[in-house]
Amino acid sequence: MAQTETETKAQRVERLKREKNPWEALDEIRGFARTGFASVPPEWLGTYFRWWGVYTQGDGAGVVGGKGGEGKALPCFMLRIRIPNGILNSCQLRTIADLTQHHARGIADLTVRQNIQLHWVTIEALPEILEALWQCGLNTMGACGDVTRNVTGCPVAGVDADEICDASPLVLAATQMLAGNPDFYNLPRKFKISITGCRVWCAYPEINDVGLTAITRTLNGKPETGFSLRVGGGLSAEPHLATRLNAFVRLNQVEPVIRGIAELFRESSQLREHRERARLKFLFLRHGWTADDFQKELERRIGFRLDPSQPEEAPVDVYRDHIGVHAQRQPGHCYVGATVLRGRITADQMRRAADLADRFASGELRTTNMQNLLVVNVPRLQAESLAKELDAIGLRVGGSPFWRGAVACSGTEFCKLAITETKSFSRWLVEELEERLPGFEQHLKLHVTGCPNSCGQHWIADIGIEGKKLKVGDRMLDAYYFCLGGAVGLHQAIARPIGYRCLANEVPDAIERLLRRYLIEHSSGENLRQFFARHDDSELRAFLAGEVVEPVPRDLSPGRVPHGLEG
């Protein structure tokens, strides 16, 4: 399968996908496990493995350690476990813990799509891991690749006391319809869906290709639950908040609508021309589509008209993390949300969390889009005891806004596309800010991403920092570029790149200066978002720097970064 001289990267991937559906080639993976890493051909390492939730793992240097916009790979893998709606039971979490202990050097990461990701996985261990996951009702199919990714939903679906409806059955139905289905193995790129029945939109419909949020209307004097529909959301290097269509999607229309959008995406030949511009959002960003154009094409494809949209109440200035102790809709029960700082969790913490879920509750847990872990169906009288036990294993049920609000991507520790290390940096940053600003109470989303691809979702953070490199003497050191004022919900906005960049070890100083200025100058009731909004870029830059400074370009980095190539 040699690449021809005139074949672009996009053409090569499209050819490889036409030649093979990786989901039908499990026997090849088993063969590689018998013959070793050296026997794995390039098309599997660079393309086909992704359909099985598997990436080659970077060597720790990130993108600057390689060439052509990609770092060097080790002879081992990152493996992503797909967890629809974030729903887990204690047996499944113990299985993941055991696999983490035996095959992943004892650590795993919770991701911003409710997955759990392992590292250091060898080709020899891969079939054994897949088999163990299948036996407990989990799998990795579709966690990566040009397919439907993990379908996300509200992690407290079915127990949230204030939810409009429990949408988790629809998440599972969409997963069953698309994941592993040969009709949808060959999409132009990844395809992200969120379906939520909660009022705070914790599944982030604004940044998904398809975002469905529950809504009610009155029809012929009777209340009816359905969904608002958004399409074309996504971040990466060119962020685009999803476009709301003029549609009320009835419950029985959800599956055909999702299928219709997936088919529309699959058959968009113009989105297969460039890997960097192969997401649904580029129909709006580059190809002149409008919401009306999209809806007409969708209705033509599904064969029926959608009812007009209804007024909706977008959430205002709330955490969407479900951290803390909260009453459930089931009388006498609570759910308890614990923060997994920067998403990094150990095998022992997973095992002990599973034991606690059995001991104090019904053995049901949930993963969240903010890289956290919840235990549901906890008898109210047991909730505080459970919270103390979770705190004791390093999974805080309380915690400062810095601890709660921190999100981080994989960084150079494991990712070939990253520019900076993020996980250890994020922990250090949080600890520094807690020490410097004790008692700070304002809700704060502090997102760290190691490159422009925004796997750490810095575009929707109050403070989002993007990894760069700066030359100091003869060394290239980690640095970060600041974006401020990102938001989702009622006041949705892409964070503003404000022209300030500093070395990684100077980031706590900059954030401390910014937040102290907020504490001194904010008006009564003014939150961070509002404070940022009433200051221009030059003022915010001066707050961060401690003096007036000229803006620097956001895109300066060593070498060419492959925008949008994350998975």
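Residues numbered from 1 in each chain as written. Predicted model: local features only at pLDDT ≥ 70, side-chain atom pairs only at ≥ 80, totals over all residues. Heavy atoms only, no water.

Enquirer: In this structure, what is going on with the overall build of the protein chain? I would like to understand it.
Expert: When helices and strands are tallied, the protein chain shows 16 helices and 20 strands. In summary, the protein chain has a C-alpha radius of gyration of 23 Å against a globular reference of 24 Å for 567 residues, a match within 12%. Along the three orthogonal principal directions, the C-alpha set of the protein chain runs to about 70 × 60 × 55 Å. Long-range contacts, defined here as pairs at least 24 residues apart, represent 70% of the contacts in the protein chain between residues at least 6 apart. (Helix = DSSP H or I, 4+ residues; strand = E, 2+ residues; numbered from the N terminus. Rg over C-alpha atoms; globule rule 2.2 N^0.38 Å. Contact = heavy atoms within 4.5 Å.)

Enquirer: I keep staring at the pattern of salt bridges and nothing clicks. Help me out?
Expert: A pair can form between side chains of opposite charge whenever their charged atoms are brought close. Applying the stated criterion across every chain, the model contains 47 salt bridges. In this structure, the salt-bridge partner of R15 is E19, at a minimum N-O distance of 3.4 Å. Remark: E19 and R15 occur in helix α1 (residues 9-19); sequence separation between them is 4 residues, near one turn of the helix. The partner of E434 in a salt bridge is R396, with the nearest N and O atoms 3.0 Å apart. In this pair, E434 sits in helix α13 (residues 423-436) while R396 sits in the loop between α11 (383-392) and α12 (401-405), placing the two residues 38 residues apart along the sequence. In this structure, a network of salt bridges that share partners links the residues E14, K17, D146, R272 and R275. (Salt bridge = Lys/Arg side-chain N within 4 Å of Asp/Glu carboxyl O.)

Enquirer: Looking at this model, I keep getting lost on the sheet that holds strand β18 (residues 463-472). Mind explaining?
Expert: As summarised here, the arrangement of the 5 strands in space is β16-β17-β18-β19-β20, forming an open sheet in which the pairing is mixed. Lying at the two open borders of the sheet, with one neighbouring strand each, are β16 (406-408) and β20 (496-503). For this sheet the average axis-to-axis angle between neighbouring strands, irrespective of direction, equals 25°. In the sheet, β16 pairs with strand β17 (residues 446-449) via 3 bridges, with the strands oriented parallel. Bridging from a neighbouring strand, V407 pairs with H447 of β17. Against the sheet, helix α14 (residues 507-521) touches β17, β18, β19 (475-484) and β20, its axis set at about 20° to β19. (Pairing = 2+ DSSP bridges. Axes fitted to C-alpha atoms, helices over the stretch in contact; angles between N-to-C directions.)

Enquirer: Sorry if this is basic, but what is going on with the side chain of R366 here?
Expert: Within the secondary structure, R366 sits in strand β14 (residues 364-367). Here R366 sits buried without a salt bridge, and the closest side chain of opposite charge, E364, lies 4.2 Å off (N-O distance). One polar contact links the side chain of R366 to the main-chain carbonyl oxygen of A157, over a distance of 3.2 Å. Once residues within four sequence positions are removed from consideration, R366 is found in contact with G86, I87, P155, V156, A157, N372, L373, L374 and V376. (Buried < 20%, exposed > 50% of the residue type's maximum accessible area, 1.4 Å probe, protein only. Lys, Arg positive; Asp, Glu negative; His and termini not counted. Polar contact = N/O pair within 3.5 Å; in protein donor to acceptor, adjacent residues only side chain to side chain.)

Enquirer: Could you clarify how one ought to interpret the confidence of the model for the protein chain in this entry?
Expert: Reading fine detail from the predicted coordinates is not recommended where pLDDT is low. Considering every residue of the protein chain, the mean pLDDT works out to 95; 97% of them sit at 70 or more. pLDDT under 50 marks residues 556-567. Its contacts with residues more than four places away, or in other chains, come to 44 contacts. (pLDDT = per-residue confidence, 0-100.)

Enquirer: Any chance you could explain the pairing of strand β5 (residues 116-121) here in plain terms?
Expert: Looking along a regular strand, one sees side chains alternate from face to face of the sheet. By the criterion of burial, β5 is predominantly enclosed, with 5 of the 6 residues buried. Direction of pairing for strand β2 (residues 73-81) relative to β5: antiparallel, over a ladder of 4 bridges. By the bridge assignment, R80 is partnered in β5 with Q117. Of the strand pairs in this sheet, strand β4 (residues 107-110) and β5 are connected by 3 bridges, and their pairing is antiparallel. Considered in β5, the bridge of D109 is made with Q117. Hairpin geometry of β4 and β5 is characterised by an intervening segment of 5 residues between the two adjacent antiparallel strands and by a positive phi of about 65° at Q114.

Enquirer: It is not clear to me how the environment of H326 should be interpreted in this structure. Could you clarify?
Expert: By secondary structure assignment, the location of H326 is in strand β11 (residues 324-327). A sequence separation of 190 residues divides H326 from R516, and the C-alpha atoms of the two residues are 31 Å apart. Excluding residues that lie within four positions of it along the chain, H326 makes contacts with H333, C334 and Y335. At a separation of 2.8 Å, a polar atom in the side chain of H326 contacts the main-chain carbonyl oxygen of I323.

Enquirer: I would appreciate a short explanation of the sheet that holds strand β12 (residues 333-338) in the present structure.
Expert: Strand-to-strand pairing in sheets goes through backbone hydrogen bonds, with the strands running parallel or antiparallel. Read across the open sheet, the 5 strands follow the order β3-β14-β15-β12-β11; overall the sheet is antiparallel. Looking at which strands have only one partner, the edges of the open sheet turn out to be β3 (87-89) and β11. Sheet twist, expressed as the mean angle between neighbouring strand axes with direction ignored, is 30°. Here β3 pairs with β14 via 3 bridges, running antiparallel. Directly across from L88, in β14, lies its bridge partner L365. In the packing of helix α4 (residues 90-103) onto the sheet, the strands contacted are β3, β14 and β15 (373-379), and the crossing angle to β3 comes to about 85°. On the sheet, helix α10 (residues 347-360) packs against β14 and β15 and is oriented at approximately 15° with respect to β15.

Enquirer: Would you take a moment to explain the pairing of β19 for this structure?
Expert: In this sheet, β19 lies alongside β18 in antiparallel orientation, the contact comprising 10 bridges. Bridge pairing in β19 links G467 to Y480. Both β19 and β20 contribute to a ladder of 5 bridges, which runs antiparallel. Across the sheet, the residue bridging to Y480 is C502, located in β20.

Enquirer: Even after reading the chapter, I still don't get the nonpolar core, so can you show me in this structure?
Expert: Burial of nonpolar side chains together is a common tendency in soluble globular proteins. Membership of the largest hydrophobic core comes to 62 residues, with the highest contact counts inside it found for F49, W52 and L118. In terms of residue count, α10 provides more of this core than any other element does, 6 residues in total. Not counting chain neighbours up to four residues away, the residues in contact with L118 comprise F77, M78, L79, I81, I96, L99, T100, A104 and A108. Counting 38 residues, the second largest nonpolar core, distinct from the first, contains L178, L229, F284 and F294. (Core = buried A, V, L, I, M, F, W, Y, C linked by side-chain atoms within 4.5 Å.)

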